[in-house]
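# Notes for the structure review
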Amino acid sequence: MIQKDEWNGFAGRLWKEEVNVRDFIQNNYTPYDGDSKFLAGPTKATEKLFDELQKLQKEEHNKVSVGKDGKQRTGVLDLETKVVTSLTAYGAAYICPEGKDLEKVVGLQTDKPLKRAFMPYGGINMAVQSCEMYGYEVDPELKKIFTEYHKTHNQGVFDIYTPEHRAVRSAHILTGLPDTYGRGRIVGDYRRIALYGIDQLIKYKQEDFANIGDGTMSEDVCRLREEVTDQINALKGMKEMAALYGFDISKPAKNAREAFQWLYFGYLAAVKTQNGAAMSVGRVSTFLDIYIERDIKNGVLTEEEAQELVDHMVMKFRMVRFARIESYNQLFSGHPIWATLEVGGLGQDGRSMVTKNDYRFLHTLENMGPSPEPNMTVLYSKRLPENFRKYCAKISIDTSSIQYEELHFFTSLCCRYTTTD
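A brief look at the structure comes next. Given the structure is predicted, the values throughout are model-derived calculations rather than measurements.

## Section: the pattern of salt bridges
Within this structure, the stated rule accounts for 30 salt bridges. Where Lys115 meets Glu80, a salt bridge forms, and the shortest distance between an N and an O atom there is 3.1 Å. With Lys115 in strand β4 (residues 115–118) and Glu80 in strand β3 (residues 78–84), the pair connects residues that are 35 residues apart, well separated along the chain. Overall, Lys115 belongs to the buried group, its relative accessible area being 9%. The closest approach of N and O atoms between Glu386 and Lys390, which form a salt bridge, is 3.3 Å. Of this pair, Glu386 and Lys390 are both found in helix α16 (residues 386–399), 4 residues apart, which corresponds to roughly one turn of the helix. Overlapping salt bridges bring together Lys48, Asp51, Glu52 and Lys55 as one network.

## Here we look at the pairing of strand β8 (residues 376–380)
When you tally the buried positions in β8, you get 4 out of 5 residues, the bulk of the element. Of the pairings in the sheet, the one linking strand β7 (residues 341–344) to β8 comprises 4 bridges and is parallel in character. The residue bridging Gly344 from the neighbouring strand is Leu379, located in β8. One crossover worth recording links β7 to the parallel β8 by way of helix α15 (residues 356–367), and it is right-handed.

## Focus: unusual backbone geometry
The step from Glu373 to Pro374 runs through a cis peptide bond, and the omega angle for that step is -10°. Looking at the secondary structure, you find Pro374 in the loop between α15 and β8. Notably, Leu114 is not glycine yet its phi reads approximately 70°, a positive angle. Along the polypeptide, Leu114 turns up in the loop between β3 and β4. The backbone of Trp338 shows a phi angle near 55°, a positive value even though the residue is not glycine. In this fold, Trp338 is placed in the loop between α14 (326–331) and β7.

## Topic: the environment of Ala117
Relative to the elements of secondary structure, Ala117 occurs in strand β4. As a C-alpha pair, Ala117 and Thr273 span 156 residues in sequence and 9.2 Å in three-dimensional space.

## What to know about the packing of helix α9 (residues 198–210) against helix α10 (residues 219–244)
In contact at an axis separation of 10 Å, α9 and α10 are set at 170° when each is read in the N-to-C sense. Compared by their axis directions, α9 and α10 come out roughly antiparallel. Of the residues in α10, those touching α9 at Ile198, Asp199, Leu201, Ile202, Lys205, Gln206 and Phe209 are Arg225, Val228, Thr229, Gln231, Ile232, Leu235, Lys236, Met238 and Lys239. Partitioning the contact of α9 with α10 into residue classes produces 8 nonpolar, 3 polar and 5 charged.

## Examining the environment of Asp51
As for its placement among the helices and strands, Asp51 is situated in helix α3 (residues 44–62). Remark: the alpha-carbon pair of Asp51 and Met368, spanning 317 residues in sequence, is separated by 9.5 Å.

What counts and how
- Residues numbered from 1 in each chain as written.
- Predicted model: local features only at pLDDT ≥ 70, side-chain atom pairs only at ≥ 80, totals over all residues.
- Heavy atoms only, no water.
- Salt bridge = Lys/Arg side-chain N within 4 Å of Asp/Glu carboxyl O.
- Helix = DSSP H or I, 4+ residues; strand = E, 2+ residues; numbered from the N terminus.
- Buried < 20%, exposed > 50% of the residue type's maximum accessible area, 1.4 Å probe, protein only.
- Pairing = 2+ DSSP bridges.
- Right-handed = clockwise from strand over helix to strand, strands pointing away.
- Axes fitted to C-alpha atoms, helices over the stretch in contact; angles between N-to-C directions.
- Parallel < 35°, antiparallel > 145°, perpendicular 65-115°, else oblique.
- Contact = heavy atoms within 4.5 Å.
- Nonpolar A, V, L, I, M, F, W, Y, C, P; charged D, E, K, R; others polar.

Function cannot be inferred from these measures alone, as they are strictly geometric.
Laid out in structure tokens, this is it:
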């Protein structure tokens, strides 16, 4: 059984022997059925950073761009046209350089806040159109590379279409998201990085690689070995990305601040490289509460500092942007990314999964005002603590920024729920 100093004070056995975040949570979280009186308001650092972000958001909202088609559009502050996105395409970037020491959770998608990346791997035409509709011209060399030399996801889809597929698509009988968004909702378990560290995750993947197949190099075996190799390389790339900000995520997080930062680096890696129709955060509140509870018990973290961590992470979720094409904007208004973040819920053993951190995440809507992203989803049940249900109702009325999902069965590992309660 693996034992690491960063895990001191954590109970359980199975999660130390295999990648099993659910087992870690079940053995270590502290259910909370009290009220919201413990919550803290925004710190001065939060107020300063959020003020800067609001200025940028206002500038973004009011900026008028004239597209290649001559139409005027608003809502895009800046677009990349010369650099293809990757984990390390940009150096470290902050909301405001002079205030970077204020940020308790760091990391941006590009080199500037609210600047949208150039993401051609889904489809070069989509990437170009999303720039041209706001008056930006993509580097001709990038157009050539991703048209003549590099196959994109969109091209792969059309390569396998039958004539019937093409006909019903052209006739708009078969509809849906553009083919470049065929990936749909993407939810990674970013908590693993904080719990295990990148090096341990790489080791587990290397073990997986060694056990793929029985010596016969079939098509499926070859493909799977290639995909696992890609996963290992991506994990290594995440270490390089974190190092740009001065962090070493090779080892598990040793405190709450590192747990927040390590987890966010995982999400940042996802939104730097993927533009799925929905880039969800997942269920992270209970997991992070375990680190907060340990730090507060050890006297190295205050409630104000815990709330600050939550506020700063949510602030970063609010800043995620993608360059979308006209047909996407016609389907959905407001440039949504569906960064769904769930709170509440019940465990398979019937225990409430509500912790103080569920309150803290909802409290961001009071500290920083309502926002469509991340969309807060309460995994609701009549069996949840009464105080929490009352607080959810209050937040819902005050901010109109959360949604409810009734549930009977919930697994924190997969974020699935059914409406039977």
